[in-house]
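Report on the structure
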Amino acid sequence: QAVDAYARQLGADSPDADNLVKQVAQVQSKAASLWESFNQVRANRNPGDTPARHLSKLEKASQQLQKTLFRESDIIKDRLKLREQEIDREIEARFMQSSNDAGEVRAVLRNMETVAERTAAVMAAIDEGDASVLAAVISGKPVTTGIDAKYVKTLREYGEKKQAADLTAKKQQIKKASDLLVNIIDETITLQDKAIGTPEVRAQFEQQALEADNAALNFSRLLGANND
């Protein structure tokens, strides 16, 4: 129900927020409104309805609510995934710059005595704003640089923080929005399941309704027999 809190958590209340992040906040707001409306249906049972019929109405309302949320969330979920991939490509573009001396850079690194020296040299270049050294490492195989893949990953992450902090922040925001979107659906379903009762309770009401119908039918038959 904390719509404003969710929006602040995502940063959706910022003018610079990604449009998709704002859409996720809107889905959360709509989920809260739908839940409130659904809860009103749950709390206000028609006096003419049996418990079983009331639960049947709730189950139908629950399915309609979920259908609405699933339709909207699926569309946004796909867009969030594409946006994350787009940001990854933007980050990649900052490092994978074409360089005429990439081979020479790799040779220099390979000729250093230790991995620590090689990684320190790459980090120093990153600190100086030179992306070409990291690009040479990323585009080359470990055997050409003397830097194992696990260290390349660490260097890549360091480079992202130093030279693509803005894009990394956007990616984290998109990821947070994706996680929240999943939580919205999961929590809504959990709340609804609690509201309409367990399958065992619903089955019990259905059995009671069937027994009541059979009793009424048997009573009618007895009345008919006595009248004859």
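Residues numbered from 1 in each chain as written. Predicted model: local features only at pLDDT ≥ 70, side-chain atom pairs only at ≥ 80, totals over all residues. Heavy atoms only, no water.

**Observations concerning the packing of aromatic side chains**
On inspection of all chains with the given rule, the structure shows one aromatic pair. A centroid spacing of 5.6 Å and a plane angle of 35° characterise the contact between W35 and F38, whose relative ring orientation is tilted. Taken together, the residues W35 and F38, both in helix α2 (residues 19-43) and three residues apart, mark about one turn of the helix. A single burial state applies to W35 and to F38, both of which are buried. (Phe/Tyr/Trp six-rings, centres within 6.5 Å; stacked < 30°, edge-to-face > 60°. Helix = DSSP H or I, 4+ residues; strand = E, 2+ residues; numbered from the N terminus. Buried < 20%, exposed > 50% of the residue type's maximum accessible area, 1.4 Å probe, protein only.)

**Side note on the confidence of the model for the protein chain**
Taken as a whole, the protein chain shows an average pLDDT of 83; of its residues, 91% reach a score of 70 or greater. When pLDDT is averaged over each element of the protein chain, helix α5 (residues 115-127) comes out on top at 94 and helix α10 (residues 199-227) at the bottom at 72. (pLDDT = per-residue confidence, 0-100.)

**Concerning the pattern of salt bridges**
A complete count under the given rule lists 11 salt bridges for this structure. E92 is paired through a salt bridge with R156; the nearest N and O atoms lie 2.9 Å apart. Of the two residues, E92 sits in helix α3 (residues 51-95) while R156 sits in helix α8 (residues 149-163), which places them 64 residues apart along the sequence. One continuous salt-bridge network, built from bridges that share partners, spans D18, R83, E86 and E90. (Salt bridge = Lys/Arg side-chain N within 4 Å of Asp/Glu carboxyl O.)

**A closer look at the nonpolar core**
L10, V24, F38, L80, V122 and I147 are the most contacted members of the largest nonpolar core, which totals 45 residues. Breaking this core down by element, the ones donating at least two residues are α1 (3-10), α2, α3, α4 (102-110), α5, α6 (131-139), α8 and α9 (165-196). Element by element, the count of residues in this core is highest for α3, at 10 residues. Those residues in contact with F38, other than ones at most four positions away along the chain, are L58, A61, S62, L65, Q192, A195 and I196. (Core = buried A, V, L, I, M, F, W, Y, C linked by side-chain atoms within 4.5 Å. Contact = heavy atoms within 4.5 Å.)

**Description of the packing of α5 against α8**
Running from N to C, α5 and α8 point in directions that differ by 20°, and their axes come no closer than 10 Å. Judged by the inter-axis angle, α5 sits roughly parallel to α8. Here α5 runs over α8; the crossing is right-handed. Between α5 and α8, the residues in contact are V115, T119, V122, M123, A125, I126 and D127 and Y151, L155, Y158, G159, K162 and Q163, respectively. (Axes fitted to C-alpha atoms, helices over the stretch in contact; angles between N-to-C directions. Parallel < 35°, antiparallel > 145°, perpendicular 65-115°, else oblique. Left-handed = near helix turned anticlockwise from the far one by under 90°.)

**With respect to α8**
Between its first and last C-alpha atoms α8 spans 20 Å; for 15 residues at 1.5 Å apiece the expected length is 21 Å, and the two agree. All of the buried residues along α8 are V152, L155, R156, G159, E160 and Q163. Around the axis of α8, the buried residues are gathered within 145° of arc, so they sit on the same side. With respect to the buried face of α8, the exposed residues turned more than 90 degrees away are K150, K153 and K161. Close packing links the buried residues of α8 with α3, α5, α6 and α9. (Expected span 1.5 Å × (residues − 1). Arc of directions from axis to C-beta.)

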